[in-house]
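Chain by chain, the residues:
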Amino acid sequence: MSTEENPAAAPRSLAEALRGRDDASLAALLRSRPDLITPVPTDLTQLATRAGTRASVVRTLERLDRFTLQTAQALAVASDPATYDELLGLMAGDDGDPAVSAALPRALGTLREQALVWGGDDRLRLVRTARELLAPSPQHPSPTGLGPTVREAGAGISPGRIQEILTTAGLPSTHDSVSALTALADLFSDPERMSALLDQAPSESVEVLERLVWGPPYGQVTADPAPRLRWLLDRGLLLPTAPGTVVLPREVALRLRAGRAHRTTEPVPPPVEAAAAHSPRIVDATAAGQAYTALATVEELLKDWHEGGPAVLRAGGLSVRDLKRTAVALDVPEPVAAFWVELAYAAGLLASDGEADERYAATPAYDEWRERPSGERWARLATAWLAATRTPGLVGERDAKDRTLSALGPGLDRSAAPEVRHRVLALLAGLPEGAAPNTESLLARLRWERPPRADRTGGGAPSPYARRTPAQSAEGARGTTARGATAPGYPADGGSGAGGDEDLRSRLARWTLAEAEMLGITGRGALSSHGRALIGAPPAPRHADAETEPKGPGDKLPVHHRQTPPPPALSPAEQATAAATAARLLEPLLPEPLDHVLLQADLTAVAPGPLERPLADMLGVLADVESKGGATVYRFTPASVRRALDAGRSAADLHAFLAAHSRTPVPQPLTYLIDDVARRHGHLRVGAASSYVRCDDDAVLNEILADKRAAGLGLRRLAPTVLAARTDPAALLEGLRAMGFAPAAESAEGDVLIARADAYRTPPRTPPEPVPDGPPVPDDTLLAAAIRAVRAGDLASTAPRKPVGGEAGGAGPGELPRTSAADTLATLQAAVLTNETLWIGYVNAEGAASQRVIAPLRVEGGFVTAYDHTADEVRTYPLHRITGVAELAE
């Protein structure tokens, strides 16, 4: 039965509307608005009150799609309450729009589900806070561009002036201003009479109306208006709102708009178009190559910081100089270097050491990560990137206090980043296999799903309506200025991202596309098979127009009719499973590690592919990387060979290592180099005096003393074979090596110190926690418990009670029952015998008072044991904490 047939069934408040919902509907509300159960409300009245608070309503409006938001904006300018037909007229116009008519029930259902609208189709009511936010006002113009109604705009006009307007408009005079304004509003709302009135208007006056009709509706006039304005003022088509200010009434604007509240409605989301199509095999191969590069880059970054990385700024983060050095070491632009640094930090592989002289270094988790298979290592990076709220694209920009945002520093968290990343990849998953998206169509889709702030309330960010002054609107100056063109996204331009005119979600989307390509989630702009598995998307749809592969990267795909629904949000366990699946799909696409290199006569070694971990580690100590790419070239130098000897290797060990891992014979020049450095290695010994040098050959010490380059070391002879120095042993070692010698350090016992290649590590660190975008979405268990508690609390607060002890014993709405201890005990004992349900007031140990509905089971020893309908369980309550008891009415 509809509310039209049974008006008594119509809810009188949002709380009553919520009370009429079933558990599934309440669960959908709490799932979409998790802030409503933080903490769990005591009853449905409190839930409705919380749903109408400004912060909660603003948060909900920000998550509406464009058409649903337009529906709410139309309700804000409709009558209160409005009918469904009135709302449909505002959205579809007088002529009707089939697409709007088909989409409006869904949008209205969303507003009802999220408790922004309540009431039946004959009495639709927008929550008061939402109406205040969306309704037009001089300070906050509505995106609809509509002004106040005739009644609102004419409230301050003198009765005599109103009667003059009626006479000029051809209406009979009335006895009061209220009926006069009503008659004027009826005239403007009548299509036939309004058309007849406008037919009499001068063309210049119609021109003024056309400039104001889509907003802003306000304008300024002089004390002696021009004839075109005077004609409009005399007939109420423009009404004064303040000295020198006039407004176009809402009824007039709607007639001129053919009943539409918006210039353009968007009932259907814009499709994500494909810019190019590639072979899925090429996409996967390209993405795998990028994934391998990502692993190598992260390893190279942390290997460069093995001995302790850059210092931490006092305010936190990397300095600009250190970021530049890192970019040079990785051979990438600075924004890209910031991305890799932030990625390693998000994955828990990089952190600060927490020492007094704080520096960045790899964590112990990095060593575990390096030992995992390549697919698993990539999956860890990819999942960390998906969930991270830190946004490296912001590095180099300035915060609200005009401080530069630095990599690894504070201020980079943007809580919307994970959602945007998932949504962008989900939209890519909806394209046919191998299809790369058109970026602008992708951004348009995201803007439809979450309109920018200026499109939601008309306030905040500058909007086209705010660009025109009232004087320009009324007197004829054309006003809206186009928004600036967006700057290229990072990292192609080497900057930090798009310009300030682009909303944050669009910038996040551009960064997501670039970062997903660098990580190997996408290849040539298209989502790879392992990227699809990473987000839990179903298998990609095949091309419907051909069974063969696309001919080339320039192939265009009309994909608006082929897109699939987005994959559902994954729980942590499902995300772990998806990551394992993605790693399994990627692993066969990555190159197999090699156990050999190719030694050449020019003291270089060529690695034709990735090397096995022990071989790569040893070769990294024995030689320096000269160039990278498809094949890595290592160069052997005296310094690199000495580094291997310092690490405890002997010349024989190095010869055996090279012979075992080279597919070519060991070149003679390399053999000579190793033997020559080994022969001189350790001939000199350096210890601490501050430091000293000792050598069995006193001629070598004489040579050192005679060298001018040794002047800064502060050397003096202690014995024929010993020199003392004022510098520390490390500086003395470096100084002698710079002079061409090959000294070795020794311990206090005189043994040679082995400088192993072990790296510096921070103490165990946990990855940074993402900054949540509001309360987390509750799971099904929490939802069920919350709904049970709310319904029980609502039962306790709304159950009808019998008066107790006359008028004094009763309790008003929201008050606890008050009875004496003797009456309380007697009523509880009687309820045990009769199995009655009672209403009690209870104060817990913390002093918090609550109302409860209980069915007493046993009363003894100063306690009552009862089934608590509020908590849906059996509980025991001390009698001295019960304020009173009342029987429930029949």
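Model, not experiment: these values are computed from the prediction. (Residues numbered from 1 in each chain as written. Predicted model: local features only at pLDDT ≥ 70, side-chain atom pairs only at ≥ 80, totals over all residues. Heavy atoms only, no water.)

Which parts of the structure should I look at to understand the overall build of the protein?
Helix and strand content of the protein: 36 helices and 25 strands. Out of the 890 residues belonging to the protein, those deemed buried represent 49%. Relative to all contacts within the protein whose residues are 6 or more apart in sequence, the contacts with residues 24 or more apart total 67%. Here the protein displays about 41300 Å² of accessible surface, and carbon together with sulfur accounts for 54% of that area. (Helix = DSSP H or I, 4+ residues; strand = E, 2+ residues; numbered from the N terminus. Buried < 20%, exposed > 50% of the residue type's maximum accessible area, 1.4 Å probe, protein only. Contact = heavy atoms within 4.5 Å. Areas by Shrake-Rupley, 256 points an atom, 1.4 Å probe, with all protein chains shown as cover.)

Help me understand the pattern of salt bridges, please; the structure alone is not making it clear to me.
Any two side chains of opposite charge can pair, given that their charged atoms come close. Per the stated rule, a full pass over the model turns up 40 salt bridges. A salt bridge links Arg125 to Asp80, with the shortest nitrogen-to-oxygen separation between them at 3.4 Å. Note that Arg125 is positioned in strand β2 (residues 125–126) and Asp80 in the loop between α5 (66–77) and α6 (84–92), a separation of 45 residues in sequence. Note on Asp80: relative accessible area 42%, which makes it partly exposed. Between Glu626 and Arg635 there is a salt bridge; the shortest N-O distance is 2.4 Å. Exposure remark for Glu626: the relative accessible area of 44% places this residue in the partly exposed category. Classification of Arg635 by relative accessible area gives partly exposed; the value is 27%. Here the salt bridges share partners, and the residues they tie into one network are Arg161, Glu164, Arg230 and Asp234. (Salt bridge = Lys/Arg side-chain N within 4 Å of Asp/Glu carboxyl O.)

Any chance you could explain the environment of Pro227 here in plain terms?
Considering the arrangement of structural elements, one finds Pro227 in helix α14 (residues 227–234). Classification of Pro227 by relative accessible area gives exposed; the value is 69%.

What should I look at first to understand the packing of aromatic side chains in this one?
Note on aromatic pairs: each is described by the distance of the centres and the angle between the planes. Counting across every chain of the model gives three aromatic pairs. Consider the rings of Tyr842 and Tyr877, whose centres lie 4.8 Å apart with planes at 65°: the pair is edge-to-face. One end of the pair, Tyr842, is in strand β21 (residues 838–843); the other, Tyr877, is in strand β24 (residues 873–878), with 35 residues separating them in the sequence. With respect to class, Tyr842 is no different from Tyr877; both count as buried. (Phe/Tyr/Trp six-rings, centres within 6.5 Å; stacked < 30°, edge-to-face > 60°.)

Teacher, can you tell me more about the nonpolar core here?
Side chains of a nonpolar character, in soluble globular proteins, are inclined to be buried together. Ranked by size, the top nonpolar core spans 90 residues in total, and within it Leu75, Phe188 and Leu237 carry the most contacts. Not counting the four nearest positions on each side in its chain, Phe188 is found in contact with Val150, Met194, Leu197, Arg235, Gly236, Leu237, Glu251, Val252 and Arg255. In this structure, Leu295, Ala346, Leu349 and Ala379 belong to the second largest nonpolar core, which totals 76 residues. (Core = buried A, V, L, I, M, F, W, Y, C linked by side-chain atoms within 4.5 Å.)

Looking at this structure, how should I read the packing of helix α21 (residues 417–429) against helix α25 (residues 504–519)?
Two measures define how a pair of helices packs: the angle their axes make with one another and the distance between the axes. Close contact between α21 and α25 brings their axes to 9 Å; oriented N to C, the two are set at 65°. The crossing of α21 and α25 is right-handed. Every residue of α25 that contacts α21 at Ala417, Glu419, Val420, Arg421, Val424, Leu425 and Leu428 is listed here: Arg505, Leu508, Ala509, Thr512, Leu513, Glu515 and Ala516. Classifying every residue of the contact of α21 with α25 gives nine nonpolar, one polar and four charged. (Axes fitted to C-alpha atoms, helices over the stretch in contact; angles between N-to-C directions. Left-handed = near helix turned anticlockwise from the far one by under 90°. Nonpolar A, V, L, I, M, F, W, Y, C, P; charged D, E, K, R; others polar.)

So what exactly am I meant to see when it comes to the packing of α6 against helix α7 (residues 98–113) here?
At a minimum axis distance of 10 Å, the contact between α6 and α7 shows a crossing angle of 125°. The angle between α6 and α7 places the two elements in the oblique class. In this structure, α6 crosses over α7, and the sense of that crossing is right-handed. In contact with Tyr84, Leu87, Leu88, Met91 and Ala92 of α6, α7 contributes Val100, Ser101, Leu104, Pro105 and Leu108. Its residues assigned to classes, the contact of α6 with α7 shows nine nonpolar, one polar and no charged. (Parallel < 35°, antiparallel > 145°, perpendicular 65-115°, else oblique.)

Could you clarify how one ought to interpret the pairing of strand β4 (residues 239–242) in this entry?
In summary, the side chains of a regular strand alternate between the two faces of the sheet. For β4 and strand β5 (residues 245–247), the ladder comprises three bridges, and the chain directions are antiparallel. In the strand pairing of β5, Ala242 is matched with Thr245. Taken together, β4 and the strand that follows it, β5, pair antiparallel across an intervening segment of two residues, in which Gly244 is found at a positive phi of about 85°. (Pairing = 2+ DSSP bridges.)

I keep staring at the sheet that holds β5 and nothing clicks. Help me out?
Each strand in a sheet pairs with its neighbour through backbone hydrogen bonds, running either in the same direction (parallel) or in the opposite one (antiparallel). Spatially, the three strands line up as an open sheet ordered β3-β5-β4, and their pairing is antiparallel. In this open sheet, the two edge strands, each paired with only one partner strand, are β3 (218–220) and β4. Here the strands of the sheet are splayed against their neighbours by 40° on average, with no regard to which way each runs.

Can you walk me through the confidence of the model for the protein in this structure?
Atom-level detail of predicted coordinates should not be read off regions where pLDDT is low. Per-residue confidence for the protein averages 83 on the pLDDT scale, and 86% of its residues sit at or above 70. When the criterion is pLDDT under 50, residues 459–500 qualifies, and its contacts beyond four places in sequence or with other chains add up to 92 contacts. With pLDDT under 50 throughout, residues 543–564 is counted as low confidence; its partners more than four residues away or in other chains account for 46 contacts. (pLDDT = per-residue confidence, 0-100.)

Mind showing me how you'd approach the sheet that holds strand β14 (residues 624–627) here?
As summarised here, the arrangement of the four strands in space is β12-β13-β15-β14, forming an open sheet in which the pairing is antiparallel. Two strands lie at the open edges of the sheet, namely β12 (598–600) and β14, each paired on one side alone. Direction aside, the axes of adjacent strands within the sheet are offset by 30° on average. Pairing of strand β13 (residues 604–607) with strand β15 (residues 632–635), which is carried by four bridges, proceeds in the antiparallel orientation.

I keep staring at unusual backbone geometry and nothing clicks. Help me out?
Excluding glycine, a negative phi dihedral is what most residues carry, and trans is how most peptide bonds are arranged. For the peptide bond that leads from Thr38 to Pro39, omega is 0°, which places it in the cis range. Tracing the sequence through the fold places Pro39 in the loop between α2 (23–32) and α3 (44–51). If you check the backbone angles, Arg524 has positive phi at about 55° while not being a glycine. With respect to the element layout, Arg524 can be found in the loop between β10 (522–523) and β11 (526–527).

Got a minute to help me understand the environment of Val332 in this structure?
With respect to the helices, strands and loops of the structure, Val332 is situated in the loop between α17 (320–330) and α18 (334–346). Here the alpha-carbon distance between Val332 and Thr297, two residues 35 residues apart in the chain, equals 10.0 Å.

Can you help me understand helix α10 (residues 159–168) in this one?
Two residues of an α-helix separated by three or four positions point the same way, owing to the 3.6 residues in each turn. Those residues of α10 that sit buried are Ile162, Gln163, Ile165 and Leu166. One side of α10 holds all its buried residues, which, seen down the axis, span an arc of 155°. The inward-facing, buried residues of α10 contact α11 (177–189), α14 and β4. Of the residues flanking the end of α10, it is Gly170, one or two places downstream, whose phi is positive at about 85°. (Arc of directions from axis to C-beta.)

Hey, could you run me through the environment of Lys628 in this one?
Among the structural elements, Lys628 can be located in the loop between β14 and β15. Overall, the relative accessible area of 47% leaves Lys628 in the partly exposed class. Residues Lys628 and Ala607, spaced 21 residues apart in sequence, show a C-alpha to C-alpha distance of 9.6 Å. When residues no more than four places from it in sequence are discounted, the contact partners of Lys628 are Glu300 and Ala329.

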